[in-house]
Amino acid sequence: MGSAGRLGGALALVTGGASGIGRAVCARLARDGARVAVAVADRDEVGAGDTARGLRGHPPTPPPHAAFGVDVASAPSVTQLLARVQEHFGAPPSILVGCAGITRDEFLLRLQEAPFREVLGVNLTGTFLVTQAVAQALVAAGAPGGSIIHVGSVVGKVGNLGQANYAAAKAGVEGLTRSCAKELARFGIRCNVVLPGFIVTPMTAKVPPKVLEKFAGMVPLGRLGDPQDVADVCAFLASEDSSYITGASVEVTGGLFM
Ligand code: NAD
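These numbers were taken from a predicted model, which means no experiment stands behind them. (Residues numbered from 1 in each chain as written. Predicted model: local features only at pLDDT ≥ 70, side-chain atom pairs only at ≥ 80, totals over all residues. Heavy atoms only, no water.)

S.K.: An account of the packing of aromatic side chains is needed here, citing residue identities and associated values.
M.R.: Considering all chains together, one arrives at 2 aromatic pairs under this definition. Judged by centre distance (4.1 Å) and plane angle (20°), the rings of Phe198 and Phe215 are stacked. In this pair, Phe198 is assigned in the loop between strand E6 (189–196) and helix H7 (209–218) and Phe215 in helix H7, connecting sequence segments 17 residues apart. Exposure remark for Phe198: the relative accessible area of 11% places this residue in the buried category. Taken together, Phe198, Phe215 and Phe257 form an aromatic cluster joined through their ring pairs. Lying across the ring of Phe215, Lys214 places its NZ or CZ 5.6 Å from the centre. (Phe/Tyr/Trp six-rings, centres within 6.5 Å; stacked < 30°, edge-to-face > 60°. Helix = DSSP H or I, 4+ residues; strand = E, 2+ residues; numbered from the N terminus. Buried < 20%, exposed > 50% of the residue type's maximum accessible area, 1.4 Å probe, protein only. Lys NZ or Arg CZ within 6 Å of the ring centre and 35° of its normal.)

S.K.: Account for the sheet that holds E6, with residues named and values stated.
M.R.: In spatial order, the strands read E3-E2-E1-E4-E5-E6-E7; together these 7 strands make up an open sheet with parallel pairing. Each end of this open sheet is capped by a strand with a single partner; those strands are strand E3 (66–69) and strand E7 (249–252). Neighbour-to-neighbour, the strand axes of this sheet turn through a mean angle of 20°, independent of strand direction. Relative to E7, E6 runs parallel, the two sharing 4 bridges. (Pairing = 2+ DSSP bridges. Axes fitted to C-alpha atoms, helices over the stretch in contact; angles between N-to-C directions.)

S.K.: Any chance you could break down the packing of helix H1 (residues 20–31) against helix H2 (residues 45–55) for me, citing the residues and the numbers?
M.R.: Running from N to C, H1 and H2 cross one another at 25°; their axes reach a closest spacing of 10 Å. Accordingly, the angle class assigned to the pair H1 and H2 is roughly parallel. The handedness of the crossing between H1 and H2 is right-handed. Of the residues in H2, those touching H1 at Arg23, Cys26, Ala27 and Ala30 are Gly47, Asp50, Thr51 and Leu55. Per-class residue counts for the contact of H1 with H2 are 4 nonpolar, 2 polar and 2 charged. (Parallel < 35°, antiparallel > 145°, perpendicular 65-115°, else oblique. Left-handed = near helix turned anticlockwise from the far one by under 90°. Contact = heavy atoms within 4.5 Å. Nonpolar A, V, L, I, M, F, W, Y, C, P; charged D, E, K, R; others polar.)

S.K.: Just give me the short version of the side chain of Ser77, but keep the residues and values in it.
M.R.: Take Ser77: it is sitting in helix H3 (residues 75–89). Note on Ser77: relative accessible area 13%, which makes it buried. Among the polar contacts listed, one links the side chain of Ser77 to the backbone nitrogen of Asp71, at a separation of 2.9 Å. Contact partners of Ser77, with chain neighbours within four places excluded, come to Val70 and Asp71. (Polar contact = N/O pair within 3.5 Å; in protein donor to acceptor, adjacent residues only side chain to side chain.)

S.K.: Before we move on, could you go through the site of the ligand and cite the residues and values that matter?
M.R.: The local shell around the ligand holds 30 residues, among which Ser19, Ile21, Tyr166, Ile199 and Thr201 are the closest. Measuring from an oxygen atom of the ligand, one finds a backbone N or O atom of Ile199 at 2.8 Å. Relative to its unbound accessible surface of 830 Å², the ligand loses 94% to contact with the protein. Listed by contribution, the elements that provide at least two residues to the shell around the ligand are H1 and helix H6 (164–184). A per-class count over the shell around the ligand returns 17 nonpolar, 9 polar and 4 charged. (Near = heavy atom within 4 Å. Areas by Shrake-Rupley, 256 points an atom, 1.4 Å probe, with all protein chains shown as cover.)

S.K.: Explain the nonpolar core to me, and be specific about the residues and the numbers.
M.R.: Formed by 36 residues in total, the largest nonpolar core has its most connected members in Leu13, Leu81 and Val85. Of all the secondary structure elements, the ones that give two or more residues to this core are strand E1 (11–15), strand E2 (35–40), E3, H3, helix H4 (113–140), H6 and E6. Looking at this core, the element that brings in the most residues is H4, giving 9 residues. Setting aside residues up to four positions removed in sequence, Leu13 forms contacts with Ala37, Ala39, Leu81, Leu82, Val85, Pro93, Ile95, Leu96, Val97, Val130 and Val134. (Core = buried A, V, L, I, M, F, W, Y, C linked by side-chain atoms within 4.5 Å.)

S.K.: I'd like a description of the pattern of salt bridges, backed by residues and values.
M.R.: The final tally for this structure, using the stated rule, is 11 salt bridges. Of the charged contacts, one joins Asp32 and Arg28 as a salt bridge, the two residues approaching to 3.3 Å between their closest N and O atoms. Taking the shortest distance from any N to any O, the salt bridge between Arg117 and Glu113 comes out at 2.6 Å. Here the residue Arg117 and the residue Glu113 both occupy positions in helix H4, the gap between them amounting to 4 residues, near one helical turn. Assessed through its relative accessible area of 58%, Arg117 is described here as exposed. Given the relative accessible area of 52%, Glu113 is considered exposed. It is possible to trace a salt-bridge network through shared partners that takes in Arg6, Arg28, Asp32, Asp232 and Asp241. (Salt bridge = Lys/Arg side-chain N within 4 Å of Asp/Glu carboxyl O.)

S.K.: Give me the pairing of E1: which residues, what numbers.
M.R.: The element E1 is extensively covered by neighbouring structure, given that 5 of its 5 residues are classed as buried. Here E1 shows two buried faces, one formed by Leu11, Leu13 and Thr15 and the other by Ala12 and Val14. Pairing analysis gives 5 bridges linking E1 to E2, with the strands arranged parallel. Bridged to Leu13 within E2 is Ala37. Here E1 pairs with strand E4 (residues 95–98) via 4 bridges, running parallel. Each bridged residue has a counterpart across the sheet, and for Ala12 the counterpart in E4 is Ile95.

Listed below in structure tokens is the structure:
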């Protein structure tokens, strides 16, 4: 089967959809026929609206996409997000791609507690809150299955200089994914995590060019990743083409750290 329409009008919620990987995921899922609720941080509602507007015109008929503000680290904000999404679309999302994430890099010897907690709050607690809210809504609706995709990082496996907070959060996301996969399987809900390597986005724009060059030189496939590389894997995990895959960590690294 070709990829066009393989999501058949399923409703997808993408957090962090205003930028980088999340924006590419929105475009790819819409291309595959999903309606996309783009959920982004309050401070970037403009970017979310831009993403949603950019999705219009995907064949066969323009599906209804919508942008919502959310702070994934805040339980009341996430509760409100799910209520608004369900009110807008009349059903809970059967696909979730959790792309919202931040970095606050500092070497361990200088890392303060606040940026440690902040990074865990968005990347790990935020992933938990949105996943729980979506799973609760799906189960309450008696919905037949779903696919939850977390965006972790290969840094959660191998660690990274200056990223003790981020690596801890992303390692936590992998454990969260596997526990969710075990608990939600009986509801037909699959849960997988993608582990990007170094992908060129606004997030990596903060990394010194000489560090990026060094990593690019270490990648067996010979280049840094593109958001599209990650989006394509998310679309596969969202679709029935991956119906026997759950609890998996899929590295999208060009072979880095294999
Ligand atoms: P990005 O900065 O371009 O996008 C991150 C998005 O998350 C932004 O739209 C931002 O507004 C949103 N966000 C931040 N805090 C939020 C909050 N509290 N609530 C809701 N939304 C919030 O970065 P990206 O590179 O596209 O990263 C996307 C995901 O991929 C992140 O989880 C990141 O950790 C992960 N990742 C990225 C790379 C990479 O090399 N770029 C590698 C591995 C993993």
